[in-house]
Amino acid sequence: MRAVGLVAGLAVLGAYLLGSVPFGFLFGRRSIRRGLRRIELAGRPLDDQLLAILTGGGAAGSPLVAVLDTAKVLLAATAAWHLVIAVSPGGSATRPNQSAVAFLSDQVLVSWQSAALWAGMAAVVGHLAPVWLGFRSDHGQAPALGLAVVYVPVGFVLGVLVFFLARAVLGHGRVVAAVVTSLGAFVGWCWMAWIADVQVAWGVPAGPELSLWAAVLAGVLAARTIRTGG
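Residues numbered from 1 in each chain as written. Predicted model: local features only at pLDDT ≥ 70, side-chain atom pairs only at ≥ 80, totals over all residues. Heavy atoms only, no water.

In terms of helices and strands, the protein chain carries 9 helices and 0 strands. Put simply, the protein chain runs from its N terminus to its C terminus through helices and strands in the order α-α-α-α-α-α-α-α-α. Classification of the 230 residues of the protein chain by burial places 39% in the buried group. Considering only contacts in the protein chain between residues 6 or more positions apart, those separated by 24 or more positions represent 72%. As presented, the protein chain carries roughly 12000 Å² of accessible surface, and 70% of it is formed by carbon and sulfur atoms. (Helix = DSSP H or I, 4+ residues; strand = E, 2+ residues; numbered from the N terminus. Buried < 20%, exposed > 50% of the residue type's maximum accessible area, 1.4 Å probe, protein only. Contact = heavy atoms within 4.5 Å. Areas by Shrake-Rupley, 256 points an atom, 1.4 Å probe, with all protein chains shown as cover.)

A surface patch of nonpolar side chains, about 600 Å² in accessible area, is lined by Leu6, Leu10, Leu13, Leu17, Val131 and Trp132. Judged by relative accessible area, tryptophan 132 falls into the exposed class, the value being 54%. (Patch = residues over 30% accessible without salt bridge, like charges linked within 9 Å, V, L, I, M, F, W, Y side chains within 5 Å. Salt bridge = Lys/Arg side-chain N within 4 Å of Asp/Glu carboxyl O.)

With that settled, the discussion passes to the nonpolar core. Counting residues in hydrophobic clusters, the biggest one holds 45 residues, and the most contacted among them are Tyr151, Trp213 and Leu217. No other element matches the 10 residues that helix α5 (residues 111-128) contributes to this core. (Core = buried A, V, L, I, M, F, W, Y, C linked by side-chain atoms within 4.5 Å.)

Considering all chains together, one arrives at 1 salt bridge under this definition. Across the pair aspartate 69 and lysine 72 runs a salt bridge whose closest N-O atoms are separated by 3.2 Å. With aspartate 69 and lysine 72 both in helix α4 (residues 63-87) and 3 residues apart, this pair spans about one turn of that helix. The class for lysine 72 is buried, based on a relative accessible area of 4%.

Residue placement: serine 88 occurs in the loop between α4 and α5. The exposure class assigned to serine 88 is buried, which follows from its relative accessible area of 9%. Within the structure, serine 88 has its side chain in polar contact with the backbone oxygen of valine 84 (distance 2.6 Å). At a separation of 3.3 Å, a polar atom in the side chain of serine 88 contacts the side chain of serine 111. If we skip the residues at most four places from it in the chain, serine 88 touches Val4, Ser111 and Trp112. (Polar contact = N/O pair within 3.5 Å; in protein donor to acceptor, adjacent residues only side chain to side chain.)

Right, let's talk about unusual backbone geometry for a bit. One non-glycine residue, aspartate 197, lies in positive phi territory at about 55 degrees. Assignment of secondary structure puts aspartate 197 in the loop between α8 (175-196) and α9 (208-228).

Turning our attention to the packing of aromatic side chains. If you walk through the whole model with that rule in mind, you get 1 aromatic pair. Measuring from centroid to centroid gives 5.3 Å for phenylalanine 163 and phenylalanine 164, while their planes differ by 75 degrees, and the two rings are edge-to-face. Judged by relative accessible area, which is 17%, phenylalanine 163 ranks as buried. Classification of phenylalanine 164 by relative accessible area gives exposed; the value is 53%. (Phe/Tyr/Trp six-rings, centres within 6.5 Å; stacked < 30°, edge-to-face > 60°.)

Next up, the structure:
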């Protein structure tokens, strides 16, 4: 099992580094350089034009960047899953029904499920606090939501429903409160599913580790939401 621990640890570290690749920042710099070049060729003054480029939405909020950011997090989790299976004694043959898509009844995750969850978490942390940008970023939450869809789909759906319900009750200006409320519902689902031994056809088994993971993920997203205001 020493090899499993070593590979899992390296997978989590690699996941953080992969998650911290700042696609929005890189694409944004490229867009700014192109815009400045166009302004220079047109012989226009830089003040208003430059301001328009810098505040015009930018690449950081584009759908392409959101897709790439989500893909890097899911790639990190999936890679950890398969790497740990490869070095586990007996591989997946020891637990043939343990997969992300299966009807499961036990509450203890196998090593590769655990590695995938925490590697995905590390990638989300890398996305929100990239080492290349001084651990500061205003990137969105799409990667974390993608991770929840894959591993806790029912909790994700419940969280989304609670978010819109909270916005309707609290008002559209209370985005932070609605997000925090939805995260509480997400964690609450994982906890209740553990108590009632509720298992679904997609995702990892409800239990102590999933509940802890959901609480950590919710804490990370809540801190980011409160810091950025939405």
